Amino acid sequence: MQVYKGLDIITNKISPQEQTLCRHHMISFVDPLVSNYTVVDFRNKAAALIEDIFAREKIPIVVGGTNYYIESLLWKVLVDTKEKTSPSPGRAADRRVELEQLDGRELHCRLSHVDPEMAAKLHPHDKRKVARSLQVFEETGIPHSEFLHRQREEEGGGPLGGPLKYPNSCILWLYADQAALDERLDKRVDDMVAAGLLEELRDFHRRYNQEKVAENCQDYQHGIFQSIGFKEFHEYLITEGKCPQETSALLLEKGIQALKLVTKRYARKQNKWVRNRFLRRPGPNVPPVYGLQVSDRSQWDEDVLKPALQIVESFIQGQQPSADPVKMESEINEDKRSHHVCELCNRVIIGDREWAVDLCIVPV
């Protein structure tokens, strides 16, 4: 979300003062009204910057954030249909948005006809992924699943995608005990409010969203409008000044508590992504992941800064760091995309683990 201009507080952008300490990229360069900026666009621009930094004999540091975007830089896991076709400007990305407006089951049925393998791995309710797979086929004539097979069959590829693009990379994973992390995230929301979050949201709503709300065409699923912290204040923003002050105060508190909840939920999701997509990633082409404990910020220098500098310095010199990378066993027997249908409740269930805990299945 930090690629978009605006909402600096809610997206937790680094301050201008901090940006003067070292050069930063990929911040505040996409117009907030652009709704079709994709991970492929991000990957292409960031990859060019990385190559430029390498050409200047510097070391790029990717900081995040959204681990899916980081994964797109490290491994060949995306399908870029723009390389296959030359549609009119904006048409390609807009097509997925058009498809997402259709009924989920209709979309899934269409995908089943052109790419049954991909359809079997996606839930009909996952409209965004189903629409993306349909878009890939419409624009290339090649099933999405076929592109993924080709990636995995490349030298260095594996079950989760194509080969590692930067073989001499390493990952520093800053993690905290859950209780400490939850407390810190709650405080971050309070600090955002104190820093002027409400003024930022009011101004952004007035300039970019108020007219959409009036026309009942607001969209909190694409672009910067899907940012955590904007849609949570929807009721407060559209009723402020139009309802009793007590009601407005209640809606404000409701928005703040919702923001705290989704922020903590997102942090859990990101940690899960690190474990499943980085630490448990099968195959040899996985950068080492070094865990740095950040529960006690008073021990930052000892627990984080010094170990991180030692690890990076060792990599620069081509040596093995004294710290051991985090190790987790790959869950090679679990298929997260297996397709099941519960005949008792007529539900589609994706994944072995979800199927195993289906409440309708009663052992006999």
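Please read all numbers here as calculations on a predicted model, not as lab measurements.

**Q** Would you mind showing me how to read the overall build of the protein here?
**A** A count of helices and strands for the protein gives 14 helices and 4 strands. Here the protein, with 364 residues, has 38% of them falling under the buried criterion. A sequence separation of at least 24 residues applies to 64% of the contacts in the protein between residues at least 6 apart. Carbon together with sulfur atoms contributes 53% to the accessible area of the protein, which is approximately 21,400 Å² in total.

**Q** I tried to follow the side chain of Glu232 on my own but got confused; where do I start?
**A** Tracing the chain through its elements places Glu232 in the loop between helix H10 (197-214) and helix H11 (234-239). The charged side chain of Glu232 is buried without a salt bridge, its nearest counter-charge being Lys231 at 4.1 Å. Within polar-contact distance, the side chain of Glu232 engages the backbone nitrogen of Gly229 at 2.7 Å. Discounting chain neighbours no more than four positions away, the residues touching Glu232 are Ser227, Gly255, Ala258, Leu259 and Val262.

**Q** What is the right way to read the packing of aromatic side chains from this model?
**A** Aromatic ring pairs are described here by two measures, namely the spacing of the ring centres and the angle between the planes. Per the stated rule, a full pass over the model turns up 10 aromatic pairs. Residues Trp173 and Tyr175 carry aromatic rings whose centres are separated by 5.2 Å and whose planes lie at 40° to one another, so their mutual orientation is tilted. Judged by relative accessible area, which is 11%, Trp173 ranks as buried. Residue classification places Tyr175 among the partly exposed positions, given a relative accessible area of 30%. Seen from their ring centres, Phe204 and Phe230 are 5.4 Å apart, and the 85° between their planes marks the pair as edge-to-face. Taken as a pair, Phe204 in helix H10 and Phe230 in the loop between H10 and H11 lie far apart in primary sequence, 26 residues in all. On the basis of relative accessibility, which here comes to 2%, the residue Phe204 falls in the buried class.

**Q** What is the right way to look at the packing of helix H5 (residues 104-114) against helix H7 (residues 127-140) in this model?
**A** Two quantities define a packed helix pair, namely the angle between the axes and the distance from one axis to the other. As a packed pair, H5 and H7 sit with axes 9 Å apart at the nearest point and diverge in direction by 40°. The crossing of H5 and H7 is left-handed. Counted together, Gly104, Leu107, His108, Arg110, Leu111 and Val114 of H5 and Lys127, Val130, Ala131, Ser133, Leu134 and Phe137 of H7 form the full contact between these two elements. Among the residues making up the contact of H5 with H7, the classes are represented as 7 nonpolar, 3 polar and 2 charged.

**Q** In this structure, what is going on with the packing of helix H2 (residues 39-55) against helix H3 (residues 67-74)? I would like to understand it.
**A** Viewed as axis vectors pointing N to C, H2 and H3 meet at an angle of 55°, and their least axial separation amounts to 9 Å. Between H2 and H3, the interaxial angle falls into the category oblique. In the packing of H2 onto H3, the handedness of the crossing is right-handed. Here Val39, Phe42, Arg43, Ala46, Ala47 and Ile50 of H2 come into contact with H3, specifically with Tyr68, Tyr69, Ser72 and Leu73. Class assignment of the residues belonging to the contact of H2 with H3 gives a composition of 8 nonpolar, 1 polar and 1 charged.

**Q** What is the right way to look at H7 in this model?
**A** Working note: α-helix, 3.6 residues per turn, so residues spaced by three or four point in the same direction. Between the first and last C-alpha of H7 there are 20 Å, a value that for 14 residues agrees with the 20 Å anticipated at 1.5 Å per step. Within H7, the full set of buried residues consists of Val130, Ala131, Arg132, Ser133, Leu134, Gln135, Val136 and Glu139. Gly141 occupies a position one or two residues after H7 and carries a positive phi of about 75°.

**Q** Looking at this structure, I do not really get the environment of Glu100. What am I missing?
**A** Along the chain, Glu100 falls in helix H4 (residues 91-100). Its relative accessible area of 11% is what places Glu100 among the buried residues. Separated by 27 residues in sequence, Glu100 and Lys127 have C-alpha atoms that sit 5.9 Å apart. For Glu100, the contacting residues outside a window of four places in its chain are Leu107, Lys127, Arg128, Ala131 and His222.

**Q** Whenever I open this one, H5 confuses me. Can you help?
**A** Within H5, the full set of buried residues consists of Gly104, Leu107, His108 and Leu111. Down the axis of H5, the buried set is contained in an arc of 95°. They therefore lie on one face. Pointing more than 90 degrees away from the buried face of H5 are the exposed residues Arg105 and His113. One side-chain oxygen at the N-terminal end of H5 lies 3.0 Å from the backbone nitrogen of Arg105; it belongs to Asp103.

**Q** What am I meant to see in the pattern of salt bridges here?
**A** Opposite charge on two side chains permits them to pair, given that their charged atoms come into close proximity. Following the criterion strictly, the structure yields 21 salt bridges and no others. When the shortest N-O distance is used, the salt bridge between Glu71 and Arg281 registers 2.8 Å. Taken together, the residues span a long stretch of sequence, with Glu71 in helix H3 and Arg281 in the loop between helix H12 (245-279) and strand S2 (289-293) at a distance of 210 residues. Assigned by exposure class, Glu71 and Arg281 land together as buried.

**Q** Is there a simple way to explain unusual backbone geometry in this structure?
**A** Trans peptide bonds make up the majority, and among non-glycine residues the majority have a negative phi. In this model, Asn12 sits at a positive phi of 60°, which is unusual for a non-glycine residue. Locating Asn12 in the fold gives a position in the segment before helix H1 (16-19). Looking at Asn12, the relative accessible area reads 38%, which means it is partly exposed. Even without being a glycine, Glu57 presents a positive backbone phi close to 60°. Tracing the sequence through the fold places Glu57 in the loop between H2 and H3.

How each quantity is defined
- Residues numbered from 1 in each chain as written.
- Predicted model: local features only at pLDDT ≥ 70, side-chain atom pairs only at ≥ 80, totals over all residues.
- Heavy atoms only, no water.
- Helix = DSSP H or I, 4+ residues; strand = E, 2+ residues; numbered from the N terminus.
- Buried < 20%, exposed > 50% of the residue type's maximum accessible area, 1.4 Å probe, protein only.
- Contact = heavy atoms within 4.5 Å.
- Areas by Shrake-Rupley, 256 points an atom, 1.4 Å probe, with all protein chains shown as cover.
- Lys, Arg positive; Asp, Glu negative; His and termini not counted.
- Salt bridge = Lys/Arg side-chain N within 4 Å of Asp/Glu carboxyl O.
- Polar contact = N/O pair within 3.5 Å; in protein donor to acceptor, adjacent residues only side chain to side chain.
- Phe/Tyr/Trp six-rings, centres within 6.5 Å; stacked < 30°, edge-to-face > 60°.
- Axes fitted to C-alpha atoms, helices over the stretch in contact; angles between N-to-C directions.
- Left-handed = near helix turned anticlockwise from the far one by under 90°.
- Nonpolar A, V, L, I, M, F, W, Y, C, P; charged D, E, K, R; others polar.
- Parallel < 35°, antiparallel > 145°, perpendicular 65-115°, else oblique.
- Expected span 1.5 Å × (residues − 1).
- Arc of directions from axis to C-beta.

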